[in-house]
Each structure stands twice: as C-alpha cells, then as structure tokens.
Amino acid sequence: MVRVTAFGELLLGWRRAAGLTQEELAEAAGVAARSIRDLEHGRRGRPQSRTVQMLASALGLTETQTAAFLAAGRTGAAAVPVAGDAAAEADLLDRDGQLAVLEKAASIARGGRGRVVLLRAGAGMGKTSLLKVWAERERARGMQVARACGSELEGDFAFSIARQLAEAVLGTADTAGRDRLLEGPAHLATRILQPDADLVTIAALPDAQIGVLHGLYWLMVNAADHGPLALVIDDVHWSDLPSLRWLAYLARRLDGLRVLLVLATRPTEQVSFEAVLDEITAQPDCQLVDLPALSEASAARLVRAGLGREAEGAFSRACARAAEGNPLLLRELIRSLGERHVEPTGDNVHRVADLHGRVLATTVLKRLTRQREATVALARALVVLPDGSRWEVAAALCGMSEAETADQARALTRIGVLEPADTVRFTHPLIRTMIIESIMTAGQLAHAHADAARILYEDGAPGEVTAAHLLQAEPAGEAWRVECLREAARTAARRGAPQAGATYLRRAVRESAEPRARARVLAELGGQEMLSDPRAAVSHLTQALAAITDPIERAHATDALAGALLVNRHPEHAVDVLAQAITDLEQGDADRTDQGRALSWRLQSQLVVIGCEQASTVAQARHWAMRLRNLDLPGDTPEERAVLAALVIPAVCADSSAKIADTLIDRALRGGIVIEGPGTQLFGYGYACFALILTDRLDDAAVYFGQFADLGSRHSSPLLSTFAAMGRSAMASRRGQVPLALAISLADLPTFAAGKDRMALRFTEHAVNAMIEREELNEAAGLLDTVGDLGTLDYTWSTPALLARGRLQAAQGQTRAALATFNQCAAGERAFPRVRGHRLSCGNDQRS
C-alpha cells in the first residue's frame, strides 16, 4: 500500500497544480474518472507504463517529471521533485558559468563575428542536457539552430555529421527557400545528400574533398544570410573524419559570419581525431569550456529532488563522492537508493559505499539480466543498430514477430535500457556499451553485425549503412558482401572520402574468394589509394595485374598503377609498365577496337608525360611522342585531345617552334579540359595550359585555368584546384603583379603542403620570388627553410626552387653561395640536353 500511496500522492499533487479535476484529467488522458480516483486513493495496484505516460502527457509534465512519475509507477519510490528546483530538473546544476559562455558567444555571433565553442567533458557530465537547454533558449531568441550527433556505428560513414547539419538547415525550407540556400557554390553540397551517378568517373581521384567542403561552407553562409545560425554537434568523438575536417575548414572561415559552431566531445586517444580537433581549437575565435564535477551542495539538491526529502550532510557527501561528481552516475545512484528505500541519513552512508563503483555498471545491467531470455536477446540484437533504426528491422534481426518485439521493447523501456520512442533509441550510449562488454562475447557481436548487414542489404539499405556492419563481422566469402562493400566504396569516393572507400575495399578483398573477383577489387583499391597511400596502391595494383588476363582490364589497372608509381617517385618503372601494357594491347589486337584504341592512346600519352619527368626516361618519352605525332590526330575526341595535350610537353621543350607549339596547344584544348580517372591527363592538360604562359598568351591561359578551378570544385579535387591556383600565381608573376602572386601562393600553400611536397614547391617558388621583388628577404628565407632538402625531389620540380634560392642568396649579398646554387642548376640542365625549358610551371623564369 505504501508504494501505491506514494504514486497517488504524486498524481494528486500534480493534478491540483495543473488546476484539473479528476474528471478533466480523465478526459484529457483518455481513461475513466474512476481510475483516477482509485489511483489517488490507493485502491489500485501498480499502474501500467502506458497509463502513466498518458497521464504525464495530459498533465504537461517535463521530461524529468515524467521520468520521476514513471519511476514511482514502476517501483513506488517517492520521487517527488522539490518545488521550484528548476535547475535540478533541467540538469543545469553548477552550469551557470558554462551557460553564460555559450550565451555570450551566441550574442557575439549575432553581431557577425563567428565563434567556436568546444565543450569537452567525460561521459555523463551533462553536455547534452546543457546544449539542449541552451539551444531552446537561443531558438526563442530567434537564432536558427541545426543539431547533429555522432554515433559509434556511423563513424565510418563519409560526411555523416555534415549531412545531418545540411539536412537540418534545408529541412525547414520550402522549395524556393531550398533553391536559395543551394545557390552558387553551395550546390556542391548536394553531392553528399543525393549522389550523382554521373560522378562515378571521378570516384578514384584522391582526396576529393575540397569541393564538398566548399559547398557545405557556402550552404551555411547562405543560411546565415537569413538569420544567425548555430551549428550544434554532440558526441563529436564519434564523428566521421571527413565531417570533422569540414568543421575545421568552417572554423577557419567564420570571421564575418553570423555563425556559431558548438562542439561537445569526450576526451579521446584517437590520434587522427585529436589532430583535427587541435586545428579547430587553435583558431583565435575558439573558446574551450570544461564541465566541472558537481559540488557537494548541488549533489545534495539532486539527492533531495530524487528521494523527495532532505538528506543529511554526510549522506549527500557520500553520494557525491560515490558518483565522483558525475551527474549521470549520481542520478543512477539516487535511483538505486530510492528503489531500495534507503533513508538519506548518516546511518546509511555505508549503503552508499556498498553501491560505489557498481552504480552504472550494475543497475541497468542487473535489471536486464533478470528479464526473460527473449528480452535479453532483443537487447543483444539492438546494440548493433544505431539509434533511430526501425522496429521492423530490429524484429527481423532478432527473429521475432513485430508484436513480440514490441512487447520485449516495452520491457526494456521499463527497466531503463530504451527510451519510449517510435524507433530504437537507447537511454544513453553507455548502456549500449555495457551490454556489449558484459553480456556479449566477441563472436556474438560479430554474428549480430553479420545478421544486421544481411537484413539491411535485403531491405535495400544504402551500401555504406550495410558496409558499416560488415566491417564488424567476420568474413564469409559471400558475393553479395563484396558488391555491397564495393558500392559503399564508390559512394564514399563520390562524396570526397577516398580513405573511407579504401577501408571498405580492403575488407572486400578479404571477402573475395574467387581470384578474378579479388583482382578487380584489388584494382579498385589501388585506384582509391593512389595518392593517399601510394606504396599500398602500387602493391595492390601489382597483385591485381598478376591475376588479370583480359588486356582491356589490364590496361585500366596499368593506367592506375602508372599514376601510383609516378606519385611514389618511380617514373622509370611507370614507363616500363605502360610500355608493356601498350604492347599487350597491340599483340592481342585489342587496340583495333574503338575502346582499345582509345585506351592505347591514353596509355601512350601517359608514358610521354611521365617519361619527361626523369632524365633516364626522356628518350623513351620522345620515341612514343614521335609515334603519337605520326598519327596526326585531329583532336575530335577527348582521347585524341588528351594525346595532343601530352605532345605539348616535348613541343615546348626545344622540339618545335613557338608557332607550332601554339597550334598544338589550340588543338589539344579545343574541347576544353576533360579529366577522367586517376591517370596523368591532369598533368598533360596542366602543362598545355602552362605552355600558354610561356608563349605569353596570358588571356587564353586565364580562361583554361578558370576551367581547372571549376573542375576542381565540381569534382571535389584538390589537385585540380591546385593547378588552377598555380596557374593564377604564375600569370600574376608574368604580368609583374607581385602582390597578387604572393597572395595566391601564401593562400594555397598551407592547404597543399602536407604530403604534396612537389606541388607545395611551386607555390613556395612563386612566393619567394615575389618576396624578393618586395625586398622581404628574411621572410623569403624563412619560407625556403620549410621545404627541406631539394636534392630528394625530381629535377624538374626542384630546379625552380633552387633558382629562387640562388636569387635570394644573391640579393642577400651571399655571392659565393649563389654561384654554387646556380652551378647546381646548370648541372641539372646538362642532364637534360634536349628538354631544357621543361620547367613549365615556373612562368616568371621562362621569358627567353
């Protein structure tokens, strides 16, 4: 009777506070008035959870009050909230200072000075509750708030967080408003919302992220034009790296925007994650916020609110120590104390100590282990599904009917494992973790992920969703798994996350039992890895070629392998494999078909471009260039124009006159710039455009480098964007626009320096030459010091920087050092007796 009376008193108090009669409450809740009277007078047993939820809704209770109401209905604990303790109900105890920081940052952002706030605290410290209360207040003040949340199961989904934010920004707009938000560069963001199948050809381009990042940035700029915007991301420690890199990209560009970026994360030991997070926190407008442990006074308020009576000081202090100031642990401890009817007195301090260390680990878990096996089985199955999953998927996963699944889900809700919701949703991520660690073996977990993958695949789920589970399952050698992983890899590449695609393909290799299928996967994997991990790309593509017999397939794999070898600084080997592939096409008569002929031309043009990079392969490059010139291709097709673009290199390297070279350039670029796949057409077209600078056709060069910039944005390719930037810098230097050349070089150098030393060298050279013209010699010397040993790089890339070093030494009065540097350059020139002038991207040094 005591339990029922406690619930009855709670119901009576809230009914009166709401100003409702028993009949009015009964009508609002959809129950009989007699039921209300029986509950209030203790004439009924424990009410059903559904009845309690209906009553809570009719009374207009807050989430905290509803939780207390449910607890009283389940266990009879007299969890009467203390009147007026709003801070305890809203989980804002000891959080006034942090709330003030967020409110001040929002105020500054409204004024057009973008800000970043990073909230870092351990699990259960109240990050989510603080952000929720603050976001509700900001919405009331007129700020747009877009929220996203990381998930353990979505960490491998390319741009998962970015998609959540983009969808939140676009979701409230009508068709016209959506079009306005996606105007201009922002349309590039649609690639991660609805991938375009026509972009498959660009899937293998490495690091294809810049365009996507740029489009997402402009989407937020457009949204902020309609009012101040807060982007709130919870559980950032579970975010995917492409999204995190975009957040860093955005954080660097908030100045002048009415945008506030709020990130909440736990401390983590992930090196890649922390590296990007450090980049965000290094921004001058980023403010770090920590959540302190609850004070003893606040702990006492929670104990009083949770147990419904004043607690003695020793008891409250014991609770605070047991929970170590963690609000979540403290609330779980209070719930456990209430269920055991422990009086909050000094005599019961030992009861608190007994629960210390077992509160979170045992409370919910013990409730679960006392349930029927079907309930436990559902809990095991649900841990592999992300929050928000459909119940029919959960039913199929655990092998139950939907009705039985609903019954077991209600049982999990009653004991605190799940939230009452229309979709799967754990009450806290730690609950999921505890189930995995305590009542599941590694084999059971892998098996559950395998079942989830199969069900989602049959249900038509996107490849990335299914592949996330396959990564956690044991290999089974099933063909559908291979195709699913390959689809996920293609999707990741289209969205500008080739590293995620490589992860899927590496797993697909383990799933491929049939040799030819395995070879195809290895070839795709090598293409994805070409610039992100060139050594691995060479290894995988070499393995693929050993198993591929079809000459067309071998040629495609060789195309990718040659590019990887070039990036890996093995141009001689690249030339050899290209020559062999061309021979194989000719001997097998494959080059007599339109496809084979076009592919042969593509490989030959690759060989010319790569061969001109190294003194030892120049003779071969000239031989193949002669063959291609003898074809006298008109340039009617993209393949023919790619060949002509490659022929521009020997043409401007002392093999032809400027007039002939210009004619060849015009024919090569007649159809514009077309880039497909991971090969070296990029370099061929790039050299053709730089050749226009050498012949002083700067206006024409500006048009084509503008096309490079457009292609870089459209295909999310940093390499294409880099060529555009180098071209703009070279043209500015040629025109004597030193400040502009310096600005372009310094703006793009940080983005492309890491892992792209040859590209970075070209920017460095332009910047140093511009600094010398401005007599900023110390700054030029400091920049040159960052490039390291130039002797380790190819002659064609290092010589312009060496010339810049010599100029700097001469300007500094270091005559002997300058002479030695120029002699070093001359030695390199003598190694290229027929290709002098082949420094095509060094526009300001090629005026003779």
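Please read these numbers as outputs of a predicted model, since none were measured by experiment.

1. Regarding the overall build of the protein chain
Thought 1: For the protein chain, the count of helices and strands is 42 helices and five strands.
Thought 2: The buried share of the protein chain, taken over its 848 residues, is 55%.
Thought 3: Across the protein chain, contacts joining residues at least 24 apart in sequence account for 70% of those joining residues at least 6 apart.
Thought 4: Accessible surface computed for the protein chain: about 35,100 Å², of which carbon and sulfur atoms make up 50%.

2. Some points on the sheet that holds strand S5 (residues 286-290)
Thought 1: With parallel pairing, five strands are arranged side by side in an open sheet as S2-S3-S4-S1-S5. Of all the strands in the sheet, just strand S2 (144-149) and S5 have a single pairing partner and so form its edges. Shown here is a sheet whose adjacent strand axes are inclined to one another by a mean of 15°, direction ignored.
Thought 2: Pairing geometry for S2 and strand S3 (residues 229-234), over six bridges, is parallel. Across the sheet, the residue bridging to Gln-144 is Leu-229, located in S3.
Thought 3: In this fold helix H8 (residues 127-140) packs onto strand S1 (115-120), S2, S3 and strand S4 (259-265), with an angle of close to 160° to the strand it touches most, S2.
Thought 4: Lying on the sheet, helix H9 (residues 160-171) is in contact with S2 and S3; it crosses S2 at an angle near 150°.

3. So, a positive patch on the surface
Thought 1: Together, Arg-340, Arg-351, Lys-366 and Arg-370 make up a positively charged patch on the protein surface.
Thought 2: Considering the arrangement of structural elements, one finds Arg-340 in the loop between helix H16 (327-339) and helix H17 (349-355).

4. Quick look at the confidence of the model for the protein chain
Thought 1: Averaged over every residue, the pLDDT of the protein chain is 80; the share at 70 or more is 83%.
Thought 2: Contacts from residues 197-207, a stretch scored under 50 in pLDDT, to residues over four places away or in other chains number 26 contacts.
Thought 3: This model gives residues 833-848 a pLDDT under 50, and the stretch forms 45 contacts once residues within four places in sequence are excluded.

5. Focus on the pattern of salt bridges
Thought 1: A complete count under the given rule lists 35 salt bridges for this structure.
Thought 2: Residue Arg-602 is joined to Asp-559 by a salt bridge in which the shortest nitrogen-to-oxygen separation is 2.5 Å. With Arg-602 in helix H31 (residues 594-611) and Asp-559 in helix H29 (residues 551-567), this residue pair connects regions lying 43 residues apart in the sequence. Residue Arg-602 shares its accessibility class with Asp-559, and that shared class is buried.
Thought 3: Residues participating in the shared-partner salt-bridge network are Glu-103, Arg-110, Arg-137, Glu-138 and Arg-141.

6. What to know about the nonpolar core
Thought 1: With 150 residues, the main nonpolar core has Leu-165, Leu-219, Leu-231, Ile-233 and Trp-246 as its most contacted residues.
Thought 2: Looking at which element gives the most residues to this core, the answer is helix H33 (residues 638-655), with eleven residues.
Thought 3: Setting aside anything within four residues of it in sequence, one finds Trp-246 in contact with Ala-162, Leu-165, Leu-213, Leu-216, Tyr-217, Met-220 and Leu-231.
Thought 4: Membership of the second largest hydrophobic core comes to 33 residues, among which are Ile-415, Ile-435, Met-440 and Ala-452.

7. Overview of the environment of Ser-600
Thought 1: Looking at the element boundaries, Ser-600 is found in helix H31.
Thought 2: Relative accessible area serves as the criterion here: at 3%, Ser-600 is assigned to the buried category.
Thought 3: Sequence separation between Ser-600 and Ala-581 is 19 residues, and the spatial gap between their C-alpha atoms is 8.3 Å.

8. Considering the packing of aromatic side chains
Thought 1: Going through the model one piece at a time under the given rule, you end up with five aromatic pairs.
Thought 2: Consider the rings of Tyr-217 and Tyr-249, whose centres lie 6.3 Å apart with planes at 80°: the pair is edge-to-face. One end of the pair, Tyr-217, is in helix H11 (residues 210-224); the other, Tyr-249, is in helix H12 (residues 241-251), with 32 residues separating them in the sequence. In this pair, the class of Tyr-217 matches that of Tyr-249, namely buried.
Thought 3: Every member of this aromatic cluster is reached through a ring pair, and the members are Tyr-217, Trp-218 and Tyr-249.
Thought 4: Lying over the aromatic face of Tyr-249, Arg-253 brings its terminal NZ or CZ to 3.6 Å of the ring centre.

9. Describing unusual backbone geometry
Thought 1: Positive phi outside glycine occurs at Asp-632, with the angle close to 50°.
Thought 2: Within the element layout of this structure, Asp-632 appears in the loop between helix H32 (618-631) and H33.
Thought 3: In this structure, Asp-696 is a non-glycine residue whose phi angle is positive, near 65°.
Thought 4: Relative to the assigned elements, Asp-696 resides in the loop between helix H35 (681-694) and helix H36 (698-714).

10. Focus on the packing of helix H20 (residues 391-398) against helix H23 (residues 442-458)
Thought 1: Following both chains from N to C, one finds H20 and H23 inclined at 125°, their axes separated by 9 Å at the closest point. It follows that H20 is oblique to H23 by the angle criterion. In this structure, the crossing between H20 and H23 has a hand that is right-handed. Contacts between H20 and H23 involve Val-393, Ala-396 and Leu-397 on the former and, on the latter, Ala-448, Asp-451, Ala-452, Ile-455 and Leu-456.
Thought 2: Residue composition of the contact of H20 with H23, by class: seven nonpolar, no polar and one charged.

11. Regarding the environment of Glu-613
Thought 1: Inspection of the secondary structure assignment puts Glu-613 in the loop between H31 and H32.
Thought 2: In this structure Glu-613 comes out as buried when scored by relative accessible area, which is 5%.
Thought 3: Remark: the alpha-carbon pair of Glu-613 and Leu-566, spanning 47 residues in sequence, is separated by 9.0 Å.

12. Regarding the pairing of S3
Thought 1: Most of S3 is tucked away: six of the six residues are buried.
Thought 2: Residues Leu-229, Leu-231 and Ile-233 point to one face of S3 and Ala-230, Val-232 and Asp-234 to the other, with burial holding for every one of them.
Thought 3: Note: S3 against S4, five bridges, orientation parallel. Considered in S4, the bridge of Leu-231 is made with Leu-261.
Thought 4: Crossover handedness for the path S3 to H12 to S4: right-handed.

13. Details of the packing of H29 against helix H30 (residues 571-587)
Thought 1: Two numbers describe how H29 lies on H30: the axes approach to 9 Å, and their chain directions differ by 165°. For the element pair H29 / H30, the angle class is roughly antiparallel. In the packing of H29 onto H30, the handedness of the crossing is left-handed. Residues Pro-551, Ile-552, Arg-554, Ala-555, Thr-558, Leu-561, Ala-562 and Leu-565 of H29 lie in contact with H30, whose contacting residues are Pro-571, His-573, Ala-574, Val-577, Leu-578, Ala-581, Asp-584 and Leu-585.

14. Focus on the environment of Glu-402
Thought 1: With respect to the element layout, Glu-402 can be found in helix H21 (residues 402-414).
Thought 2: Remark: the alpha-carbon pair of Glu-402 and Glu-392, spanning ten residues in sequence, is separated by 6.2 Å.
Thought 3: When residues no more than four places from it in sequence are discounted, the contact partners of Glu-402 are Glu-392 and Ala-395.

15. Topic: helix H40 (residues 777-784)
Thought 1: Where H40 is concerned, the buried positions are Ala-780, Leu-783 and Leu-784. Around the axis of H40, the buried residues are gathered within 100° of arc, so they sit on the same side.

What counts as what
- Residues numbered from 1 in each chain as written.
- Predicted model: local features only at pLDDT ≥ 70, side-chain atom pairs only at ≥ 80, totals over all residues.
- Heavy atoms only, no water.
- Helix = DSSP H or I, 4+ residues; strand = E, 2+ residues; numbered from the N terminus.
- Buried < 20%, exposed > 50% of the residue type's maximum accessible area, 1.4 Å probe, protein only.
- Contact = heavy atoms within 4.5 Å.
- Areas by Shrake-Rupley, 256 points an atom, 1.4 Å probe, with all protein chains shown as cover.
- Pairing = 2+ DSSP bridges.
- Axes fitted to C-alpha atoms, helices over the stretch in contact; angles between N-to-C directions.
- Patch = residues over 30% accessible without salt bridge, like charges linked within 9 Å, V, L, I, M, F, W, Y side chains within 5 Å.
- Salt bridge = Lys/Arg side-chain N within 4 Å of Asp/Glu carboxyl O.
- Lys, Arg positive; Asp, Glu negative; His and termini not counted.
- Charge placed at Lys NZ, Arg CZ, Asp CG, Glu CD.
- pLDDT = per-residue confidence, 0-100.
- Core = buried A, V, L, I, M, F, W, Y, C linked by side-chain atoms within 4.5 Å.
- Phe/Tyr/Trp six-rings, centres within 6.5 Å; stacked < 30°, edge-to-face > 60°.
- Lys NZ or Arg CZ within 6 Å of the ring centre and 35° of its normal.
- Parallel < 35°, antiparallel > 145°, perpendicular 65-115°, else oblique.
- Left-handed = near helix turned anticlockwise from the far one by under 90°.
- Nonpolar A, V, L, I, M, F, W, Y, C, P; charged D, E, K, R; others polar.
- Right-handed = clockwise from strand over helix to strand, strands pointing away.
- Arc of directions from axis to C-beta.

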